[in-house]
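Chain by chain, the residues run as shown.
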Amino acid sequence: MTDTAIPLSVLDLSPISAGRTASDALRETIALAQETESLGYERFWVAEHHNLPSVASSSPVVMITAVAAATERIRVGAGGIMLPNHAPLQVAETFRVLEALYPGRIDLGLGRAPGTDQLTAFALRRSKEALIADDFPQQFAELRAYVDGFPDDHPFAPISAQPTDVPLPPVWILGSSMYGAQAAGLLGTNFAFAGHFGSVDPREAFDAYRASFQPNGRPDCPSEPHSMLAVSAIAAETPERATELDLAASLSTVRLRQNRPGPLPSPEEALAHEWTPEEHGLVERLGRFVTSGTGPEVYAGITARATASGADELMITTMVHDAAERRASYRLIMAAARA
């Protein structure tokens, strides 16, 4: 557990770097988990994305299992499971199994976005009806009922999620808008806000969450509002190197926004890129989502964001081409946190 002013955690997407393979990216995630555990980070969450040439994290459950097996203390979780892509029973069973195997170390983060494009979402969900359905509350209620029990007259009443001798891990609802904030509050779960791309001010989202919070008395949910802010951060030994790493991450985001996704470029590729005025404008607009600089500069910047928003915890995602430099970024931030 961290001994910093605010708990620090990791969100990792298993970025696929130019010149490297997706398999390399998955193995680098394991190495990053081991490194950040040794540094004292609180949680290590993996994402769910599909059909993206820059992201290898398509199967969060497999990655959670691999990370938990390769570590000893750090909490491991999903940031998150995109619930519309999965049967609620499957999610309840899977995370009870994980809780049984790694007791007290698993987190269940749930999102309602597809985590992909519409065609791939259709391939995942197998029907047009499922593709257009907006039934996250109903899916969540069904997931809960496999653990808490259905009404006696419900057709699924005979079904329970095995193993039944363990609870669900702590539940977090993820969000990048007011919808997720209010849903987490009304359902009485923890709430994690995607401050690395969210569409609203984190303060507004957390205020809405706290105002709508209704405790549900379940052991996997908090008795009072508990929130986490996810931020994008890149730290380096010098401001100049941080700027170069940030530029490469920006080029990756620009290409994604242009519907031209590709592997995470190197700083050298980003410096050689012929930037258009439109791309420069997009980078400037996206700059508000990323904090870069030396370790002390980054730590000061992200903790200021946490304070301004009222978040209880911080989760850091770092998109850096070189795996060693990515690990170094987390080392520098934690060193600053403990200075």
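In this report, we go over the structure that sits alongside the text.

Cut-offs applied
Residues numbered from 1 in each chain as written. Predicted model: local features only at pLDDT ≥ 70, side-chain atom pairs only at ≥ 80, totals over all residues. Heavy atoms only, no water. Phe/Tyr/Trp six-rings, centres within 6.5 Å; stacked < 30°, edge-to-face > 60°. Helix = DSSP H or I, 4+ residues; strand = E, 2+ residues; numbered from the N terminus. Buried < 20%, exposed > 50% of the residue type's maximum accessible area, 1.4 Å probe, protein only. Core = buried A, V, L, I, M, F, W, Y, C linked by side-chain atoms within 4.5 Å. Contact = heavy atoms within 4.5 Å. Arc of directions from axis to C-beta. Polar contact = N/O pair within 3.5 Å; in protein donor to acceptor, adjacent residues only side chain to side chain. Pairing = 2+ DSSP bridges. Right-handed = clockwise from strand over helix to strand, strands pointing away. Salt bridge = Lys/Arg side-chain N within 4 Å of Asp/Glu carboxyl O. Axes fitted to C-alpha atoms, helices over the stretch in contact; angles between N-to-C directions. Parallel < 35°, antiparallel > 145°, perpendicular 65-115°, else oblique. Nonpolar A, V, L, I, M, F, W, Y, C, P; charged D, E, K, R; others polar.

### A look at the packing of aromatic side chains
This structure, assessed with the given rule, holds 11 aromatic pairs. Their ring planes at 25° and their centres at 6.2 Å tell us that Tyr146 and Phe156 sit as a pair that is stacked. Of the two residues, Tyr146 is situated in helix 6 (residues 136–148) and Phe156 in the loop between helix 6 and strand 6 (171–175); the sequence distance between them amounts to 10 residues. Residue Tyr146 is classed as buried on the basis of its relative accessible area, which comes to 4%. Taken together, the ring pairs connect Phe191, Phe193, Phe206, Tyr209 and Phe213 into an aromatic cluster.

### Remarks on the nonpolar core
Most often, soluble globular proteins have nonpolar side chains that are buried together. Leu8, Tyr41, Phe95, Leu110 and Ile333 are the most contacted members of the largest nonpolar core, which totals 63 residues. A per-element tally of this core places helix 13 (residues 323–338) first, with 6 residues. Discounting chain neighbours no more than four positions away, the residues touching Leu110 are Ile81, Leu83, Val91, Phe136, Phe140, Leu143, Val171, Trp172, Ile173 and Leu174. Core analysis: the second largest hydrophobic core is formed by 12 residues, Leu13, Ala47, Met82 and Ala192 among them.

### Section: helix 8 (residues 202–212)
Looking at helix 8, one finds that the buried residues are Pro202, Ala205, Phe206, Ala208, Tyr209 and Ser212. Buried positions in helix 8, seen along its axis, are confined to an arc of 160° and lie on one side of it. Each element contacted by the buried residues of helix 8 is listed here: helix 7 (178–187), strand 7 (190–194), strand 8 (227–235) and helix 12 (295–309). The N-capping residue of helix 8, defined by a side-chain oxygen 2.7 Å from the backbone nitrogen of Arg203, is Asp201.

### Points about the environment of Ser54
Note on placement: Ser54 falls in the loop between strand 2 (43–46) and helix 2 (60–70). Ignoring anything within four residues of it in the chain, the contact list for Ser54 reads Ser14, Pro15, Ile16, Gly262 and Pro263.

### Structural notes on the environment of Phe136
Looking at the secondary structure, you find Phe136 in helix 6. Judged by relative accessible area, which is 4%, Phe136 ranks as buried. Sequence separation of Phe136 and Met82 is 54 residues, and the distance between their C-alpha atoms is 9.9 Å. Filtering out sequence-adjacent residues up to four positions away, Phe136 remains in contact with Leu83, Leu110, Gly111, Arg112, Ile173 and Tyr179.

### Focus: the pairing of strand 1 (residues 8–12)
Strand 1 sits mainly inside the fold: 5 of its 5 residues count as buried. The alternating pattern of strand 1 places Leu8, Val10 and Asp12 and Ser9 and Leu11 on opposite faces, both of which are buried. In this structure, strand 1 lies alongside strand 10 (residues 313–317), joined through 3 bridges in parallel fashion. Looking across to strand 10, one finds that Leu8 is bridged to Leu314. The sheet contact formed by strand 1 and strand 2 spans 3 bridges and is parallel. Paired with Asp12 across the two strands is Val46, which belongs to strand 2. As a crossover connection, the stretch from strand 1 through helix 1 (residues 22–39) into strand 2 is right-handed.

### Comments concerning the pattern of salt bridges
Taken as a whole and assessed by the stated rule, the structure comprises 16 salt bridges. Between Arg326 and Asp12 there is a salt bridge, with its nearest N and O atoms 2.3 Å apart. Highlighted residues: Arg326 in helix 13 and Asp12 in strand 1, separated in sequence by 314 residues. Take Arg326 and Asp12: they sit in the same class, and that class is buried. We note a salt bridge from Arg43 to Asp107, for which the minimum N-O separation is 2.9 Å. Within this pair, whereas Arg43 is found in strand 2, its partner Asp107 is found in strand 5 (residues 106–111), the two being separated by 64 residues in sequence. Its relative accessible area of 8% is what places Arg43 among the buried residues.

### Digging into the packing of helix 2 against helix 3 (residues 88–101)
In helix packing, the relevant descriptors are the interaxial angle and the interaxial distance, both defined with respect to the helix axes. Running from amino to carboxyl end, helix 2 crosses helix 3 at an angle of 5°, the nearest separation of the two axes being 11 Å. Taken together, the axis directions place helix 2 and helix 3 in an arrangement best described as roughly parallel. Each of Val61, Ile64 and Thr65 in helix 2 lies in contact with helix 3, whose residues at this interface are Thr94, Phe95 and Leu98. For the contact of helix 2 with helix 3, the per-class residue count stands at 4 nonpolar, 2 polar and no charged.

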